[in-house]
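Structural overview for review
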Amino acid sequence: MAAWDLSVTVEDLGSDAPPVTISVASDLHVGGVILKLVEKTQIKRDWSDHALWWEQKQQWLLRTAWTLEKYGIHADARLLFMPQHKPLKLGLPNGITLRLRASFSCPVFQTVMGICRMLNIRHPEELSLLRPVEEKKKKKDKDLAEEIYDLTEVPLSSGTLKIQIFNYRLSEKLDCNRLTFFAVSRPCLYNGMPAHFVDSPQMEAIYKMLSVTQPPPAPEVIAKQYRPASVVDKAHINGRWLDSSRCLMQQGIQENDRLWLRFKYAAFYDIEPKYDVVRLTQLYEQARWAILLEDVDCTEEEMMLFGALQYHISKVAQSEPQMLSTNAAMDDLESALMSLEVKMEGENSSASEFNVIVCFRPKRLTLKGYKQYWFKFQDTSISYFKSKEESIGEPIQQINLRGCEVAPDVNVASQKFLIRLLIPAPEGMNEVYLRCENEQQYAQWMAACRLASKGKSLADSSFQSEIQSIRSFLAMQKTNSHGNAPAGDESINTHSLVSPRYHKKYKPKQLTPRILDAYQNVAQLSLTDALMRFLQIWQALPDFGLSYVVVRFKGSRKDEVLGIAPNRLIRIDLGVGDVVKTWRYNNMKQWNVNWDIRQMAIEFDGNVNIAFSCVTADCKIVHEFIGGYIFMSTRSREKSDTLNEELFHKLTGGHEAL
Amino acid sequence: MDQVSDEEVEVREEEEEEEEDSDKEDQDLDKMFGAWLGELDKLTQSLDDGRPEPPPQQKAPLRQETNMANFSYRFSIYNINEALNQGDNVDLDALMADLCSIEQELSTINTKPNSSSSGLARFLLNCHIQSIRQQINSLPLSLSLLKHSYLDRETSLILRNIAGKPSHLLTKEEQAAKLKAENIRVALEKIKEAQVKKLVIRVHLSDESSKTMMVDERQTVRQVLDSLLEKSHCGYSADWSLVETINELQMERIFEDHENLVENLLNWTRDSQNRLMFTERIEKYALFKNPQNYLLGRKETCEMAERNKEALLEECFGGSSVSVPEMEGVLWLKEDGKKSWKKRYFLLRASGIYYVPKGKAKASRDLVCFLQLDHVNVYLGQDYKSKYKAPTDYCMVLKHPQIQKKSQYIKYLCCDDIRTLQQWINSIRITKYGKQLYTNFQEAMRRSEAAYDWSSLSSSSIKSGSSSSSLPESQSNHSSQSDSGVSEMTSSGHTRSQSVVSSIFSDAWRRGTQGEVRTHKNTQSFPVSSLCSCGLHFPCFPSVNLI
């Protein structure tokens, strides 16, 4: 067969270097081309990650056994010889940018799998990549050099085996039990981290960034961020998702480009805090920003609760030493301590009282006067007496606080420390105010009241920590009222915890008591529980999980919005701004995509057919969302932990995938 | 008395058996009752002799013994007065039996017979029971005795309350009574310290009759229901409910199966007219029998295939988080303290009930929180059209369970029709209890299936999880299609029935991968439920739709 010249640009020779020309025949297979090429360059290095990219066809030549003829390559083909993995700037849900090597040659679905494996995020099918929203570059921002965490040195995903072997070795030395992790496809951890994070302090710092929640952002940072103002605005973001069935190169992504990694499908399967430290943290970060930027609407009460949880999470995350590794011995110790506490509580139940003078006013009496009484706290009840001397005898009244509502009414500046108790009684609720003299007294009594309302006595182990959290919240109010908050970890501007709408509506000083109000219900949660609670409330919002696309229904003359949820599709009339129709996937029979006219048609039970073309996003994106959600719902049935990649592509792929 | 001594003999054996297996203690209460009457009889005699029964030196150490508290049981008597006043057909047998069972427990705990404390506890309890018995015997005669006794309080609730007023007792004239009273006082003091509360309750049945039974403070509504069902032989159904009716406020609530019964009953006031009903209520689990009417936010009722119901329930309750059904609309609200009812647009969210303020749109951020659901329960208001001049009789009430009288803290809402009312009530239940509600239902179904299997061993049809017995026909259709499968072999792939097609989509998809997708004219088809429950039957895919 006749030989002809094929010129290939070799990236490693530099951009100025001329293409390398080799003599080939049409029956030469791609592997042979690469071999010739490498020989010609005279460079000794590991070429295993390199492959040929055909520029005109926008295609990788990955089948090394295929001949040039089979690929249809002639002398005019512009070929590029380069690594398949390239560095990428990845914006994480927590707002931090990470540099890492990702595959530019395999479908984005696999690229994401590789990234998630590196970052130790399970269930990568829930995430995807999207093109970031262009940030408005202001001159001031230029000098703000962004700290970029670099993960490019981590062995490539092809080196996973290496990591595992490495890991295996370490584990073997330490603890044979860890080997079981392999069997259940859970990431195998060393010291609570994937092995490649243990290499150096820098790497450990990266892992910390991934697995520990970020402190609340400054209010200005929140205000500066782009906020979608309408459903249509929200729809535009969904046009940015990359195509899961094609590779990065094919979608015009260049080396060192910036992409966002986000949870795309709002169906979070099997969250297991033990193994999902990074996943949980990043999910929380994404949820937090969704709330702060009003990506998901919520009510004021809900916003305050989100604020309280954020405050709590940031506080606990800073104070709590990260329990990176799950240690059985620790668990045992904990339970032993618990039982000890229970024992002590039982023994000390009679001693669990303490006396302070507080003033007290049943609301129905006078408006002005607080009368001073001697108060005694015992178990879950408060009793009061005329004076300390009389406290041995019968109290004037005894009030059981079990099941009552406790609310603070505090103003540090004017030294007002009121505890408002709403005590249920057959006739209705009794309102009682306890006025404390100072912060110290207030914190103790408040803590006691809260515990009592939950039916716990003062002997409960949480009493001291409850006092502590109340005091720290008081401290927060103090710093806020003084204007400039010193940058201590105790002080958080409450504007950092709510969306900009409330910055305008309330001063930080006004916001504090409201958040404090919500805070009392969450103050006892552990870090993990608080994160889970945040996600739970987020997921319970009516608009949660809705991805919007502007579409044009067949036969309609105006644009409407299609909302894609984990279990249904909704049609929103832009004029009314309201949901006009809901279709559930449960009733879906089939959907069709016409790639020529970019139209989707969906058929439901009962001969319901809808068809629409997509305006703000390609129909491939819409198709992928629907297919993706159906894929997500199949997971629970799947017994094995392995990801059924083939099925995903079948459900979401375009015609090239078939 | 003759009758009693007759029984005494035969029950002695019973008692020995009890000692072998203390778990059986509740099994045959009537027999035990007889045994105890016998013992009590003796005690009565001894007391009547005028012998001072408890020597003082025995009493003194007991007071110091704190451990004693563990052996005593706190219990309360609910509405015993009412029971006593009812005269002849009082169900005192059961009551006595329950009291005896307490004593039984006490004696099994105190295995050391020599221990003075246990002996005394036994004695105290005997006295206690005896005093009740005396009241029973002398019911028509001595009203005065009733008045001054511990146990005759108007709808007495917890006995410790009574213990707070010892001066009351000292006015007693008879020596024996005084001694008894003193003993009881000591017993009550110990009972107060005890860990376990017991409550004697009266349960009203739909046929105006009632049952008296004792419940343990740890018992859930489900457990109480089970024992009631066992006793009443009324046939098992998941619809059996314990309903709390608050007469004064004209409202009622079905207790949820997971709730603690005693905790709820303790919210009642002493002079309460409240009743506890044991009846069948279809609305208790209607939500799970026809989920499509509650979970889809639809206005109209509709039918749904059983398989789809299961899929819907699985979707709503099977995941890690339960989503609140979309519930919103105009309701009438009774303004605080006013007689008028005003229309407002209400929305249900996981965080509570909200309404849209005047002149605002439905945007989340503008909603005003009407009520958070943590501390309130939802009740069904009865006959509010005449009581409160409500627009309709379909009213629900939200209030703290402890509130028992008219109060500004009670919120009244009125719906236009019964459907809306039931949708709201059930949606609020889902919001409050989440997955627990579904677990309750599944548990109830499991029990009814077990009962069903027992009662009709001959019948071969076993029902699947959430299918109700109310739809036997449609259900058998489905089970034959989905379970047996074989019968379908004759039918061709193209004549499958609609109901089979619309099977669980995920299920279908899993099988969908076994087939292939055909493309035509660049139109790609993605069949969801194109396959029946068994992929083998229908190898062909539906034809591709052309656009």
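If you're wondering where the values come from, they're calculated on a predicted model, not measured in any experiment. (Residues numbered from 1 in each chain as written. Chains lettered and ligands numbered in written order. Predicted model: local features only at pLDDT ≥ 70, side-chain atom pairs only at ≥ 80, totals over all residues. Heavy atoms only, no water.)

1. A word on the overall build of chain A
Regarding its fold elements, chain A presents 18 helices and 26 strands. Put simply, chain A has 658 residues, and 53% of those count as buried. Put simply, of all contacts in chain A between residues at least 6 apart along the chain, 60% involve residues at least 24 apart. For chain A, the accessible surface area stands at approximately 30,500 Å², while carbon and sulfur atoms represent 50% of it. (Helix = DSSP H or I, 4+ residues; strand = E, 2+ residues; numbered from the N terminus. Buried < 20%, exposed > 50% of the residue type's maximum accessible area, 1.4 Å probe, protein only. Contact = heavy atoms within 4.5 Å. Areas by Shrake-Rupley, 256 points an atom, 1.4 Å probe, with all protein chains shown as cover.)

2. Structural notes on the state of the cysteines
All names here are of chain A. Under the defined criterion, the tally for this structure stands at zero disulfides over all chains. Considering cysteine sulfurs only, Cys-449 is the nearest to Cys-436, which forms no disulfide, with 7.9 Å between them. For Cys-449, a relative accessible area of 0% corresponds to the buried category. (Disulfide = S-S within 2.5 Å.)

3. What to know about the environment of Asn-609 of chain A
Residues and elements named next belong to chain A. Mapping Asn-609 onto the fold places it in strand β26 (residues 608-614). For the pair Asn-609 and Met-429, spaced 180 residues apart in the sequence, the C-alpha separation amounts to 55 Å. In contact with Asn-609, other than residues within four places in its own chain, are Ile-602 and Glu-603.

4. Examining the UniProt feature "domain: PH" (unreviewed entry) in chain B
As recorded in UniProt, the sites labelled "domain: PH" (unreviewed entry) are residues 324-433 of chain B. Annotated as 18% helix and 35% strand, the span residues 324-433 of chain B places its first and last C-alpha atoms 11 Å apart. (UniProt positions renumbered as here; feature names shortened; annotations may be inferred.)

5. Things to note about the pairing of strand β25 (residues 599-604) of chain A
Residues and elements named next belong to chain A. Of all six residues in β25, six are buried; the element is thus mostly enclosed. Of the two faces of β25, both are covered, the one formed by Gln-599, Ala-601 and Glu-603 as well as the one formed by Met-600, Ile-602 and Phe-604. Bridge analysis of strand β24 (residues 588-594) against β25 gives six bridges, and the strand direction is antiparallel. Looking at the pairing, Asn-592 lines up with Ala-601 of β25. Joining the antiparallel neighbours β24 and β25 is a turn of four residues, in which Arg-598 adopts a positive phi near 50 degrees. (Pairing = 2+ DSSP bridges.)

6. A short note on the packing of aromatic side chains
Residue and element names in this part refer to chain B. Under the criterion given, the structure shown has 38 aromatic pairs over all chains. Geometrically, the ring pair formed by Tyr-285 and Phe-288 is tilted, given 6.1 Å between the ring centres and 45 degrees between the ring planes. Judged on exposure class, the residue Tyr-285 and its partner Phe-288 are both buried. With centroids separated by 6.4 Å and ring planes inclined at 70 degrees, the aromatic side chains of Tyr-355 and Phe-370 adopt a geometry described as edge-to-face. (Phe/Tyr/Trp six-rings, centres within 6.5 Å; stacked < 30°, edge-to-face > 60°.)

7. Quick look at the sheet that holds strand β9 (residues 149-150) of chain A
All names here are of chain A. Here we have five strands laid out as an open sheet, ordered β8-β12-β6-β7-β9, and mixed in their pairing. Each edge of the open sheet carries a strand with a single partner, namely β8 (127-130) and β9. In terms of strand pairing, strand β7 (residues 97-103) meets β9 through two bridges, oriented parallel. Within β9, the residue paired with Arg-99 across the bridge is Asp-150.

8. A closer look at unusual backbone geometry
Phi at Asn-607 of chain A takes a positive value of approximately 55 degrees, unusual for a residue other than glycine. Among the structural elements, Asn-607 of chain A can be located in the loop between β25 and β26. Located in the positive-phi region is Glu-208 of chain B, a residue other than glycine, with phi close to 70 degrees. Tracing the chain through its elements places Glu-208 of chain B in the loop between β2 (197-205) and β3 (210-216). Taking the relative accessible area as the measure of exposure, Glu-208 of chain B reaches 69% and is therefore exposed.

9. Digging into the packing of helix α9 (residues 277-292) of chain A against helix α16 (residues 527-540) of chain A
Residue and element names in this part refer to chain A. Two elements in contact, α9 and α16, have axes separated by 10 Å at closest approach and are oriented at 45 degrees. Classed by the angle they form, the pair α9 and α16 counts as oblique. In the packing of α9 onto α16, the handedness of the crossing is left-handed. Where α9 abuts α16, its residues Leu-280, Leu-283, Tyr-284, Ala-287, Arg-288, Ala-290 and Ile-291 lie against Thr-528, Leu-531, Met-532, Phe-534, Leu-535 and Trp-538. (Axes fitted to C-alpha atoms, helices over the stretch in contact; angles between N-to-C directions. Parallel < 35°, antiparallel > 145°, perpendicular 65-115°, else oblique. Left-handed = near helix turned anticlockwise from the far one by under 90°.)

10. Brief notes about the sheet that holds strand β2 (residues 20-25) of chain A
Residues and elements named next belong to chain A. Across the sheet, which stays open at both edges, the five strands sit in the order β2-β1-β5-β3-β4 with mixed pairing between neighbours. Since the sheet does not close on itself, it has two edges, and those belong to β2 and β4 (59-61), each with one partner. For this sheet the average axis-to-axis angle between neighbouring strands, irrespective of direction, equals 40 degrees. Here three bridges tie strand β3 (residues 50-54) to β4, and the two strands are oriented antiparallel to one another. The partner of Trp-53 across the bridge, within β4, is Trp-60.

11. Points about the environment of Ala-459 of chain A
Residues and elements named next belong to chain A. Take Ala-459: it is sitting in the loop between α12 (439-453) and α13 (463-481). On the basis of relative accessible area, Ala-459 is assigned to the partly exposed category, the value being 28%. Taking C-alpha positions, Ala-459 is 23 Å from Phe-473, a pair spaced 14 residues apart along the chain.

12. Digging into the pattern of salt bridges
Scanning the model with the defined rule gives 46 salt bridges over all chains in all. Glu-285 of chain A is paired through a salt bridge with Arg-288 of chain A; the nearest N and O atoms lie 3.3 Å apart. Taken together, the positions of Glu-285 of chain A and Arg-288 of chain A, both in helix α9 and three residues apart, correspond to about one turn of that helix. According to the relative accessible area criterion, Glu-285 of chain A is buried, its value standing at 1%. A salt bridge links Glu-443 of chain B to Arg-447 of chain B; the shortest N-O distance between them is 2.7 Å. Remark: Arg-447 of chain B and Glu-443 of chain B occur in helix α19 (residues 435-455); sequence separation between them is four residues, near one turn of the helix. Look at Glu-443 of chain B and you get partly exposed, because its relative accessible area is 25%. Given the relative accessible area of 29%, Arg-447 of chain B is considered partly exposed. Salt bridges sharing partners connect three or more residues here, namely Arg-122, Glu-125, Glu-126, Asp-270, Asp-276, Arg-279 and Arg-635 of chain A. (Salt bridge = Lys/Arg side-chain N within 4 Å of Asp/Glu carboxyl O.)

13. Structural notes on the confidence of the model for chain B
Detailed reading of the predicted coordinates is not advisable wherever pLDDT falls low. Residue and element names in this part refer to chain B. On average, chain B scores 65 in pLDDT, and the residues at 70 or more come to 48%. Across chain B, element-level confidence peaks in strand β5 (residues 251-254) with a mean pLDDT of 96 and bottoms out in helix α21 (residues 498-501) with 30. This prediction of the complex comes with two scores: 0.72 for pTM and 0.79 for ipTM. (pLDDT = per-residue confidence, 0-100.)

14. Some details on the nonpolar core
All names here are of chain A. The biggest cluster of nonpolar side chains holds 127 residues, and the ones touching the most others in it are Trp-538 and Ile-626. Ile-626 has contacts with Ile-564, Leu-569, Tyr-585, Met-588, Trp-591, Met-600 and Ile-602, leaving out every residue within four places of it along the chain. Within the second largest apolar cluster, 32 residues are counted, among which are Tyr-384, Val-406, Ala-443 and Ala-452. (Core = buried A, V, L, I, M, F, W, Y, C linked by side-chain atoms within 4.5 Å.)

15. Looking at the packing of helix α10 (residues 300-319) of chain A against helix α15 (residues 508-519) of chain A
All names here are of chain A. In contact at an axis separation of 8 Å, α10 and α15 are set at 80 degrees when each is read in the N-to-C sense. Taken together, the axes of α10 and α15 are roughly perpendicular relative to one another. Between α10 and α15, the residues in contact are Glu-300, Glu-301, Met-304, Leu-305, Gly-307, Ala-308, Tyr-311, His-312 and Lys-315 and Leu-511, Arg-514, Ile-515, Ala-518 and Tyr-519, respectively. The class makeup of the residues in the contact of α10 with α15 is eight nonpolar, two polar and four charged. (Nonpolar A, V, L, I, M, F, W, Y, C, P; charged D, E, K, R; others polar.)

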